[in-house]
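Summary of structural features
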Amino acid sequence: MGLAVTVAVLLAATPTFITRGDVTPEAGLRREAEAAWTALEARYVQEAGGAPAKPPASIVLQKGAALTPQRNGQGRPGLVELRQNTPGVLDERLRLALRHELAHQLLWWACPQSSEDRLFHEAFSVAVSGELPSWKEGPYLSLSRAASVLAGAPEVDTPRARRALARLLNESPGFPPALSRRLRQCQDGARWASPLSIDELAGVGVREARPATVVVSRHSGEVLLSEGDVRRALPYGSVLKPFLYAAGAEHPTLPPRPGVPEWVCGAGLPAKVDARTALLRSCNGYFLDWEARGSAPRAFGAWGPVLASVGLTGLPEDMAEATGLRSTLAVSPWGVAQAYRLLAEARPEVVALLADNAARGTLAELPASKSLVGVATKTGTVRDAASRPQFGWIAAVDPDLVAVVVRPGAMPRQFADEVPKALARARKQAGLEAARVQVLGLLPPGDVEARCSGAGFALVEGVPRAGAETWAPLASLTQRGAAVCLGAPWRVRFPGGPGEGRDYAGVFITSEPPPYRPPPGVPTTPSAMKARRGSDFVFRTTRLQYAAGVVSAEDVTLTGEARVALARVVAHNEQHGHSRHPGRPVCDTTHCQAFRGTVRVRSEDTKALGLAPLKWRKWLTFSQGGEEPWRQARPRAEVERLLGRGLVSLHFKAGRVHYLRAETDGDATFDTARSVPCDVLRSGLKLPSCPRTASFHGESLMFEGRGRGHGEGLDVEAAKVAGSSSDVILHDAYGQ
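It should be emphasised that the depicted structure is a prediction, and the values quoted were computed from it without experimental measurement.

Turning next to the sheet that holds strand 15 (residues 483-486). Hydrogen bonds between backbone atoms are what pair the strands of a sheet, whose relative direction is either parallel or antiparallel. Read from one edge of the open sheet, seven strands run 13-12-15-18-19-10-20, paired in mixed fashion. With one partner strand each, in any of the chains shown, strand 13 (463-466) and strand 20 (586-587) form the two edges of the open sheet. Across the sheet, helix 15 (residues 333-346) is in contact with strand 12 (455-460), strand 13, strand 15, strand 18 (507-510) and strand 19 (537-542); its angle to strand 15 comes to roughly 170 degrees.

Encoded structure:
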């Protein structure tokens, strides 16, 4: 690209900087930002080989209201917050923080696919902001120690982590080659298959591996426990053999070959070894001979793209590489956990097979074997030329969790007891079991789109098919199986919803509900018909994520014991929803409990799910409640559409609307008394709550009431001011 063209591109790609008057001088701040952006983008163009085609959005520059003492700046897309200690002075500390935060802004614009890669974002910002020389001061920090610090600092933007990061960036002269490669990947629009690793950034292998443990939820995909450098790619041994089994179209029965070391896989090997036995005993000879027969899958078959998407450093050329006999490929513990999560979703029968490992496989006859009953496990050992163990692997899957434990210099049987301990530590957070909810039922299924910023897969009769890198119809993703997003939540959008979509951390399936027939004589609006029918989409996440999502949807401002109380009710109702949709999960509308996707879990949500189950064995109603008066008019025709023509009077009592209708029979006209649940009228007319009074005014009716919701059960507004424990709040709402 010529110099003139480059300059023109950069000038056209400078965002509009908006100041708020709280960092001064404003004109000077904007000039600093424009100059910094031009320099940053020039570096991007130089390393990436071109500039992004789309123009950048405007960026707001303002004073940070809640910056911690260790931070001089922070931001999110379109917003930079800065610390200014002296009004009117743009000192070097502020300008450095500005350049650092603008580097993040540039990546959010130029490389959105890397937005979840914290290490890449922070490394680029440290490298281009001009702060590297300042981090060279202080005591010497070895390369291995720097890597260890980064491995233990997942947020990577603390001063200690930045110093370690600067140590890696200073390892080679010039701009770090690893960042250049990644920036070219940005410009090419390539998929961000795996996050930047410490070894990749340093450009050298940090030889001393440390223990690593990671536990993820099978349902939401979130990382629940992470110890050590779980993102570092390591040789994997036999831990990926289940993916070969899953990829195989046929599984032959083969005779073991005496005297062949690869066939040494436990005493009492039968004369004919089937694939099940070979997998449980991890018989390398079986897999090698399977390949020799010509029927074994190559490069993990349909599971090769899955493993590549979670960081496998390459696809194996032969079975020796695939089974880890030749340690030329590597994958991280995090990547293995993600892959096993998808395997458990796609091929539950394979996971069920692995549940026998503690009874008659590589983890049998150990003190820890009893504690692994019902847990599917697979081991792997990486050995050196002298057959000494370099790394031991154990992958474990139970009904709710996936755990991967890696220990250097140890055989899996030596640390098998650490697997149930890791699972137990993860379960200290309550509410990790599955919750299911019918979602998006008020929308035409074809209007709902989903996208995965990690690695998205649609399962087609147990076979993973990559997709959803861009927006795709959710109905097509779930047409023949579950839709799973590895490494990130699903982002879901639809017409009329938030433009950026909503997060759904979990698994989607299609499950068509039965037709809904309203009870005779009960007026039902089209919207209510849809809500009571349910949805074609069923979403699975954890009970904790579900409860937090419902509470935020019902009242995002709720805190303290009132939030604990509502979260307990929500979690209870998820398990007692048979009155709402018999034989089906609860829905996400006010017919059940509002749910607009998963959100950040708060401490009150966690506390609620850790308390004892509620004693009531029925659906528990709740509403926003409160005493704020309201007064709203509705056309008489709209009311009569719900209650019938000839409306004469109506009043409200005990949660029902009682009304008279004038009816004619021949020449006779008479009034008939009728009654329906008040919520029929409230929801049909979209009134804030069940009215207390109604009066006729010509062709309209005036309704008056107080509070919000149907007015039954837990009054959320009253709970906010009660100052009581959740137990007292719930007792007052529902009685003994």
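Further notes follow.
With that out of the way, let us pick up the sheet that holds strand 8 (residues 389-397). Taken in spatial order, the five strands line up as 6-5-9-8-7 in an open sheet, and their pairing is antiparallel. With one partner strand each, in any of the chains shown, strand 6 (223-227) and strand 7 (376-383) form the two edges of the open sheet. Strand-to-strand twist in this sheet, taken as the mean axis angle between neighbours without regard to direction, amounts to 10 degrees. Relative to strand 9 (residues 401-408), strand 5 (residues 212-217) runs antiparallel, the two being bridged by six bridges.

To continue, consider the environment of Gln736. Tracing the sequence through the fold places Gln736 in the segment after helix 27 (726-734). The sequence separation of Gln736 and Pro112 amounts to 624 residues, and the corresponding C-alpha distance is 54 Å.

Here we come to the packing of helix 2 (residues 26-48) against helix 3 (residues 92-110). Their axes nearest at 9 Å, the elements helix 2 and helix 3 cross at an angle of 50 degrees. Here helix 3 runs oblique to helix 2, going by the angle between their axes. For the element pair helix 2 and helix 3, the recorded crossing hand is right-handed. Across the interface between the two elements, Leu29, Glu32, Ala33, Ala36, Trp37, Leu40, Glu41 and Tyr44 from helix 2 touch Leu94, Arg95, Leu98, Arg99, Leu102, Ala103, Gln105, Leu106, Trp109 and Ala110 from helix 3. By residue class, the composition of the contact of helix 2 with helix 3 is 13 nonpolar, one polar and four charged.

Turning to the nonpolar core, a few remarks are in order. Among the nonpolar cores identified, the biggest contains 65 residues, and Tyr286, Phe300, Tyr340 and Trp393 are the most heavily contacted of them. Element by element, the count of residues in this core is highest for helix 15, at nine residues. Counting contributing residues per domain, this core is built from domain 2 (212-428) and domain 3 (434-623), each supplying no fewer than three. Setting aside residues no more than four positions away along its own chain, Tyr286 makes contact with His251, Pro252, Leu254, Trp263, Val273, Asp274, Ala275 and Ala278. In this structure, Leu94, Leu119, Ala164 and Cys186 belong to the second largest nonpolar core, which totals 54 residues.

So, about the packing of helix 24 (residues 636-643) against helix 25 (residues 678-685). Running from amino to carboxyl end, helix 24 crosses helix 25 at an angle of 135 degrees, the nearest separation of the two axes being 10 Å. For the element pair helix 24 / helix 25, the angle class is oblique. Like other packed secondary-structure pairs, helix 24 and helix 25 cross with a definite hand, here right-handed. Facing helix 24, whose interface residues are Glu638, Val639, Arg641, Leu642 and Leu643, helix 25 presents Val680, Leu681, Gly684 and Leu685. In terms of residue class, the contact of helix 24 with helix 25 is made up of six nonpolar, one polar and two charged.

The next thing to look at is helix 23 (residues 603-610). Those residues of helix 23 that fall on the buried side of the exposure criterion are Glu604, Asp605, Ala608 and Leu609. Taken around the axis of helix 23, the buried residues stretch over an arc of 130 degrees, which confines them to a single face. Facing away from the buried side of helix 23, by more than 90 degrees, are the exposed residues Ser603 and Gly610. In this structure, the buried residues of helix 23 make contact with helix 21 (543-554) and helix 22 (560-574).

Here the focus is the environment of Gly152. Note on placement: Gly152 falls in the loop between helix 6 (143-151) and helix 7 (159-169). Residue Gly152 is classed as exposed on the basis of its relative accessible area of 61%. Between the C-alpha atom of Gly152 and that of Ala110, which follows or precedes it by 42 residues, the distance is 29 Å.

Its location among the elements puts Arg636 in helix 24. Excluding its chain neighbours within four sequence positions, the residues that come into contact with Arg636 are Leu647, Phe696, Gly698, Glu699, Ser700 and Leu701.

Let us now look at the state of the cysteines. Applying the stated criterion to the full structure yields five disulfides. In this model, Cys452 is linked to Cys485 through a disulfide, with the two sulfur atoms separated by 2.0 Å. Every disulfide takes its handedness from the sign of the S-S torsion; for Cys452 and Cys485 that torsion is 75 degrees, giving right-handed. Residue Cys452 is found in strand 11 (residues 449-452), and its partner Cys485 is found in strand 15; the two are separated by 33 residues along the sequence. Its relative accessible area of 3% is what places Cys452 among the buried residues.

Using the criterion set out here, one finds 32 salt bridges in the structure. Two residues, Glu47 and Arg43, come together in a salt bridge whose shortest N-O distance is 2.7 Å. Linking Glu47 with Arg43, this pair stays in helix 2, spanning four residues, or about one helical turn. Classification of Glu47 as buried rests on a relative accessible area of 13%. With its nearest N and O atoms 3.6 Å apart, the salt bridge here joins Glu574 to Arg543. Taken together, the positions of Glu574 in helix 22 and Arg543 in helix 21 put the pair 31 residues apart, joining distant regions of the chain. The same class applies to Glu574 and to Arg543, which are both buried. Connected via shared salt-bridge partners are Glu32, Glu92, Arg95 and Arg99.

Another aspect to go through is helix 2. Taking 1.5 Å per residue as the helical rise, helix 2 with its 23 residues ought to reach 33 Å, and the 32 Å between its terminal C-alpha atoms agrees with that figure. Immediately downstream of helix 2, the backbone of Gly49 shows phi near 85 degrees, a positive value.

Alignment of strand 1 (residues 17-19) against strand 2 (residues 59-63), held across three bridges, turns out to be parallel. Residue Phe17 lies in a different strand from strand 2, and its bridge partner there is Ile59. The β-α-β motif built from strand 1, the intervening helix 2 and the parallel element strand 2 has left-handed crossover chirality. Judged from the four bridges that link them, strand 2 and strand 4 (residues 79-82) form a sheet pairing that is parallel. Considered in strand 4, the bridge of Val60 is made with Leu79.

We now examine the confidence of the model for the protein chain. Scored by pLDDT, the protein chain has a mean of 89; 92% of the residues are at 70 or more. This model gives residues 1-11 a pLDDT under 50, and the stretch forms eight contacts once residues within four places in sequence are excluded.

Moving on, we come to the environment of Arg162. Summarising the element assignment, Arg162 is placed in helix 7. Separated by 268 residues in sequence, Arg162 and Ala430 have C-alpha atoms that sit 34 Å apart.

Now for unusual backbone geometry. In this model, Thr24 is joined to Pro25 through a cis peptide bond whose omega is -5 degrees. Inspection of the secondary structure assignment puts Pro25 in the loop between strand 1 and helix 2. Notably, Phe300 is not glycine yet its phi reads approximately 70 degrees, a positive angle. Looking at the element boundaries, Phe300 is found in the loop between helix 12 (284-292) and helix 13 (304-309). Its identity is not glycine, yet Glu365 carries a phi of approximately 55 degrees, on the positive side. Note on placement: Glu365 falls in the loop between helix 17 (357-360) and strand 7.

Reading the values: the criteria
- Residues numbered from 1 in each chain as written.
- Predicted model: local features only at pLDDT ≥ 70, side-chain atom pairs only at ≥ 80, totals over all residues.
- Heavy atoms only, no water.
- Pairing = 2+ DSSP bridges.
- Helix = DSSP H or I, 4+ residues; strand = E, 2+ residues; numbered from the N terminus.
- Contact = heavy atoms within 4.5 Å.
- Axes fitted to C-alpha atoms, helices over the stretch in contact; angles between N-to-C directions.
- Parallel < 35°, antiparallel > 145°, perpendicular 65-115°, else oblique.
- Left-handed = near helix turned anticlockwise from the far one by under 90°.
- Nonpolar A, V, L, I, M, F, W, Y, C, P; charged D, E, K, R; others polar.
- Core = buried A, V, L, I, M, F, W, Y, C linked by side-chain atoms within 4.5 Å.
- Buried < 20%, exposed > 50% of the residue type's maximum accessible area, 1.4 Å probe, protein only.
- Domains from an automatic or database assignment.
- Arc of directions from axis to C-beta.
- Disulfide = S-S within 2.5 Å.
- Salt bridge = Lys/Arg side-chain N within 4 Å of Asp/Glu carboxyl O.
- Expected span 1.5 Å × (residues − 1).
- Right-handed = clockwise from strand over helix to strand, strands pointing away.
- pLDDT = per-residue confidence, 0-100.

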